[in-house]
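Each chain, written out:
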Amino acid sequence: MVGITQLMEDKAFMAFASYATIVLSKMMFMSTATSFYRLTRKVFANPEDCAGFGKGENSKKYLRVDDRVERIRRAHLNDLENIVPFFGIGLLYSLSGPDLSTAILHFRLFVGARIYHTIAYLLPLPQPNRALGFFVGYGVTISMAYRLLKSRLYL
């Protein structure tokens, strides 16, 4: 059994922890950005959220859809769909004793792809920019899963 001290000395695990912190922080930022745009544009999804801007029928005008808010919200949802699997698979991969340079390459490519995907989504950049960011990140996660299963297959 590996102790916490040994784990903190594992360079692959520490690299994973660093890059995972970056993408998780980015994902948290997207939630804040969605809230910021909802408040500044006075666009809400729930009637109770509109209460501070009016009562009764007057508050219903704030229950609407805004393209900018929806774009940020969709980028955040895409983060949830991609960062959560990266976190789980990347954690297991980093604990499997991978080659350090290969592990760092995986982690850097994923973080770069997610940041690029977000930029391409929010500006918006023409396709295939966003798709490129998505597929690079997705490919990295699949590559880590494949390497993990190939080296530590206990099925």
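Rules of the game
- Residues numbered from 1 in each chain as written.
- Predicted model: local features only at pLDDT ≥ 70, side-chain atom pairs only at ≥ 80, totals over all residues.
- Heavy atoms only, no water.
- Salt bridge = Lys/Arg side-chain N within 4 Å of Asp/Glu carboxyl O.
- Helix = DSSP H or I, 4+ residues; strand = E, 2+ residues; numbered from the N terminus.
- Buried < 20%, exposed > 50% of the residue type's maximum accessible area, 1.4 Å probe, protein only.
- Expected span 1.5 Å × (residues − 1).
- Polar contact = N/O pair within 3.5 Å; in protein donor to acceptor, adjacent residues only side chain to side chain.
- pLDDT = per-residue confidence, 0-100.
- Axes fitted to C-alpha atoms, helices over the stretch in contact; angles between N-to-C directions.
- Parallel < 35°, antiparallel > 145°, perpendicular 65-115°, else oblique.
- Left-handed = near helix turned anticlockwise from the far one by under 90°.
- Contact = heavy atoms within 4.5 Å.

Q: Is there a simple way to explain the pattern of salt bridges in this structure?
A: Side-chain pairs of opposite charge can arise where the charged atoms are in close proximity. Applying the stated criterion to the full structure yields 4 salt bridges. A salt bridge links K26 to D79; the shortest N-O distance between them is 2.5 Å. Taken together, the residues span a long stretch of sequence, with K26 in helix α2 (residues 11–41) and D79 in helix α3 (residues 67–95) at a distance of 53 residues. The exposure class assigned to K26 is buried, which follows from its relative accessible area of 12%. In this structure, R73 engages E70 in a salt bridge whose closest nitrogen and oxygen atoms are separated by 2.6 Å. With R73 and E70 both in helix α3, this residue pair falls 3 residues apart, about one helical turn. On the accessibility criterion, E70 (16% relative accessible area) is buried. What emerges from the salt-bridge pattern is a single network uniting K26, D79 and R114.

Q: Could you clarify how one ought to interpret unusual backbone geometry in this entry?
A: Excluding glycine, a negative phi dihedral is what most residues carry, and trans is how most peptide bonds are arranged. Note the cis peptide between L123 and P124, where omega equals -20°. The linkage connecting Q127 with the following residue, P128, adopts the cis geometry, with an omega of 20°. Assignment of secondary structure puts P128 in the loop between α4 (100–122) and α5 (129–151). Positive phi outside glycine occurs at K42, with the angle close to 50°.

Q: What should I look at first to understand α3 in this one?
A: Because each turn of an α-helix spans 3.6 residues, side chains separated by three or four positions in sequence point in the same direction. Over its 29 residues, α3 runs 42 Å from end to end, which matches the ideal 42 Å to within 8%, given 1.5 Å per residue. For α3, the N-terminal cap is D66; the gap from its side-chain oxygen to the backbone nitrogen of R68 is 3.0 Å. Directly beyond the C-terminal end of α3, a positive phi value near 75° is found at G97.

Q: Can you walk me through the confidence of the model for the chain in this structure?
A: Fine structural detail should not be taken from predicted coordinates in areas where pLDDT scores are low. Of all residues in the chain, 95% attain a pLDDT of 70 or more, and the chain-wide mean is 90. Per-element mean pLDDT across the chain ranges from 75 in helix α1 (residues 4–9) up to 97 in α4.

Q: Is there a simple way to explain the packing of α4 against α5 in this structure?
A: Angle between the axes and distance between the axes are the two parameters that describe a pair of packed helices. Between α4 and α5, the shortest axis-to-axis distance is 8 Å and the interhelical angle comes to 155°. One way to sum up the angle between α4 and α5 is to call them roughly antiparallel. As α4 packs across α5, the resulting crossing turns out to be left-handed. Residues T102, H106, F107, L109, F110, A113, R114, Y116, H117, A120 and Y121 of α4 touch α5, and the partners they reach there are N129, R130, L132, G133, F134, V136, G137, V140, T141, S143, M144 and R147.

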